[in-house]
Amino acid sequence: MTASTISAQGSSTKFLRKLWSWIRRIPPVYPMFLLIFITLGFLNPKGYQTMNGIMTYFRPASPLAVLAIGQMFVLAIGGFDLSIGAIVTFCVLASSKFLANDPANALPNILLLIGMGVLIGLINGLVVSFLKVPSFITTLGMMMVVRGAALYYVGGAPKGYLTDNFRMFGRNYIQDVPFFTRIPYSLIILIILTIIAYIIFHRTNYGRQILAVGDNMLAAGLSGVKKKLVRVMTFIICSVFAVLGGIMVAGYGGVNVTIGEGMEMQAIAACVIGGVLLGGGKGNVINVVFGAFTLQAIVNLLNQLGLPKPYTDAVQGLIIIGVVAYSALSTMKKR
Amino acid sequence: MTTHPASDSWFKRTTQRVNIPPVFYFLIVVFIFSGVLDQLFADGQIFTNPLIMLNIIVRSVALGIVAVGQTMVLIGASIDLSVAYTISITAVMSSYLMQGRNENVPTAILGVFGIGIAIGLANGLIITKLRVNPFIATLGTSLIIKGIINATFSNYTGSVPQTFEFFGYGMIGPIPVSIIILLLVVTIGWFILARTKFGAHLYGVGGNSEVARLSGVRTDRVVIAAHIFCSLTAVLSGIFLVSLMRSGAPWVGPNGFYDLNSIAVAVIGGTALSGGKGSVWGTLAGVLIFGVLSTAFNQLGVNPYLKLVFQGLIIVLAVASYTIRSKKEAA
């Protein structure tokens, strides 16, 4: 054998090896999402192989993704935010009273809700950083406070309905778009928020400081990170994203006292499917968005299979455990 | 034991020697504060009626039993979010299996404890062998149990026999049976944690799992055992609740928020969420704080939604009362 063929062989195996290592580095959430989505396409070609159907799927998936992005910021510093489900409930209930069935109130209402989000996040962050209460407990307390306050404000039952211009963000589509047929507003909002979050998290010093604090708080503090400020900011981001997600949920979900219940857990599950480590130090905005899409696709798949609601819960639980076990075991092998 | 400088006050020296968890001071403050408010704005029964003291404890029994298990799991640096639905499945299954007949009681009890062991074993195995984060693992099992219950039962199912209600309503002399059971569970929890090899291993695993493993502790077994114990306490809570309600309903667990509340009272009692630290006595004090509050809210006739607001505030305040002095940062 001549030397040239050997080197040629060497380069081709090198290329294959490179390709393989590149494939191995793809986060498990993408093949998983594709698998579930293609299965959905086979089961219901009209619903998941046409643009029209896919856009319908994105409408509930987008708010979940927004909540998950916010939650990711807090998970990345090693905390939890259990209050976001209550914030969603608060958005819906408070709007039902504050809007007073008058479309002109929509903009002040949205600004007010965002202000509430900033306030809630600020309090969460201050309590965690200065009173040193673990975020699990702080946000659990905040969940009770926000839920109780929302119910007290409306007197236990929703007052009135939500005006159409307020519901637009979660419910309506931009019609007659070439190729896409129609695009839900919620998807556009999600894309904008994803870009903003991506820039903050992956392209700024602040984003690197979040990961540094989540990875090793002591080391981050010693190297000059203002860890208290970093943490307060992440809690504010999380609550504001929860408010924005809540406005979208209000759009397609309507008025309901229990609408936000369990959404904090769904957001955490979406993050974990997207490769976020509970305990901090790791996170990727795009992966988390696809984690949320995967979770929504799982729910849709189970509905598609015609399982009654209770079984959907059970299978969802099984799949969440399976997905996380798969990624935990596969990252363990790589080490 | 450390020596205390003579300059320390008598009070400080004594409290350090007997090692009272700081949460007991918070309990006393909450009790006095509620008592004074009760004197001022209601009929003042908290201070004058000794029966209300018993009532405070009776209100705390269901949460107290499961909180002991939760404390143990938290000390092992794990967490159990499936206790609420474990309580539900116990309540429903035991009343379904009993069907109001005395002769069915032993099988029903054995059955639900079997379910409890299975749930705890599943949680423990998923966490240790599949390496799933405990938060996600038990969230998943809780969804699975929820699905199974809601698919099978939708309303009150079966009933418990009259004699079984002794568990919830019976009295031995002047003391309700439920309080004796609570104290028994707390004592067992204390004994396991403070006086057995398993307890020492659990603190070790929770403090630093790698160090514990290298010093010869079978860490996986310890975590699995802690989860089985926790599920068994949830089963006991479920049995207690069904004996109070006379018939099991699938919503008893989630409606009582036993999952998050049991974690909250354990942390109020000084148990660290990061593991390796905690005691059942602290948890008991945390549970009693909840009991005092719920009695005080009842006395004062507080709006149920505001009650939720106050409860949230007090959870955070109670934990803040001792974390504020710690030098370690929280996450």
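Residues numbered from 1 in each chain as written. Chains lettered and ligands numbered in written order. Predicted model: local features only at pLDDT ≥ 70, side-chain atom pairs only at ≥ 80, totals over all residues.

Chemist: Looking at this structure, I do not really get helix α5 (residues 84–98) of chain A. What am I missing?
Modeler: Each α-helix winds once per 3.6 residues, and so residues spaced three or four apart point in a common direction. In this model α5 of chain A runs 20 Å from its N-terminal to its C-terminal C-alpha over 15 residues, within 8% of the 21 Å that 1.5 Å per residue would give. The positive-phi residue at the C-terminal boundary of α5 of chain A is Ala-100 of chain A, with phi of around 50°. (Helix = DSSP H or I, 4+ residues; strand = E, 2+ residues; numbered from the N terminus. Expected span 1.5 Å × (residues − 1).)

Chemist: How should the pairing of strand β2 (residues 181–184) of chain A be read in this particular structure?
Modeler: Looking along a regular strand, one sees side chains alternate from face to face of the sheet. All names here are of chain A. Relative to β2, strand β1 (residues 173–177) runs antiparallel, the two sharing 3 bridges. Within the sheet, the bridge partner assigned to Tyr-173 lies in β2 and is Pro-184. Hairpin connection between β1 and β2: a loop of 3 residues separates the two successive antiparallel strands, and Phe-179 in this loop has a positive phi of roughly 70°. (Pairing = 2+ DSSP bridges.)

Chemist: Just checking my understanding: could you explain the interface of chain B and chain A for this structure?
Modeler: Interface size is often expressed as the accessible area that is lost when the parts come together. Tallying the contact residues gives 40 residues for chain B and 47 residues for chain A. Elements with a contribution of two residues or more to the side of chain B that touches chain A: α7 (134–152), α14 (258–268) and α16 (304–323) of chain B. Sorting elements by how many residues they give to the side of chain B that touches chain A places α7 of chain B first, with 13 residues. (Contact = placed C-beta atoms within 7 Å.)

Chemist: Even after reading the chapter, I still don't get the nonpolar core, so can you show me in this structure?
Modeler: The tendency in soluble globular proteins is for nonpolar side chains to be buried side by side. Counting 207 residues, the largest nonpolar core has Ala-68 and Ile-69 of chain A together with Ile-289 of chain B as its most contacted members. Sorting elements by how many residues they give to this core places helix α12 (residues 227–253) of chain A first, with 16 residues. Not counting residues up to four positions away in its chain, the partners in contact with Ile-289 of chain B are Phe-26, Leu-27, Val-30, Ile-268 and Ala-318 of chain B. (Core = buried A, V, L, I, M, F, W, Y, C linked by C-beta atoms within 7 Å. Buried ≥ 20, exposed ≤ 12 C-beta atoms within 10 Å, placed from the backbone.)

Chemist: When you look at the confidence of the model for chain B in this model, what are you seeing that I'm missing?
Modeler: Reading predicted coordinates in detail is not appropriate for stretches of low pLDDT. Mean pLDDT over chain B: 89, with 95% of residues reaching 70 or higher. Interface confidence for the predicted complex, expressed as ipTM, amounts to 0.87; the pTM equals 0.89. (pLDDT = per-residue confidence, 0-100.)

Chemist: Honestly, α16 of chain B in this entry has me stumped. Any pointers?
Modeler: The terminal C-alpha atoms of α16 of chain B lie 29 Å apart, and with 20 residues this matches the ideal 28 Å at 1.5 Å per residue to within 8%. Of the positions making up α16 of chain B, those classed as buried are Leu-308, Val-309, Gln-311, Gly-312, Ile-315, Val-316, Ala-318, Val-319 and Thr-323 of chain B. Close packing links the buried residues of α16 of chain B with α6 (106–130) and α7 (135–154) of chain A together with α2 (23–41), α14 and α15 (280–300) of chain B.

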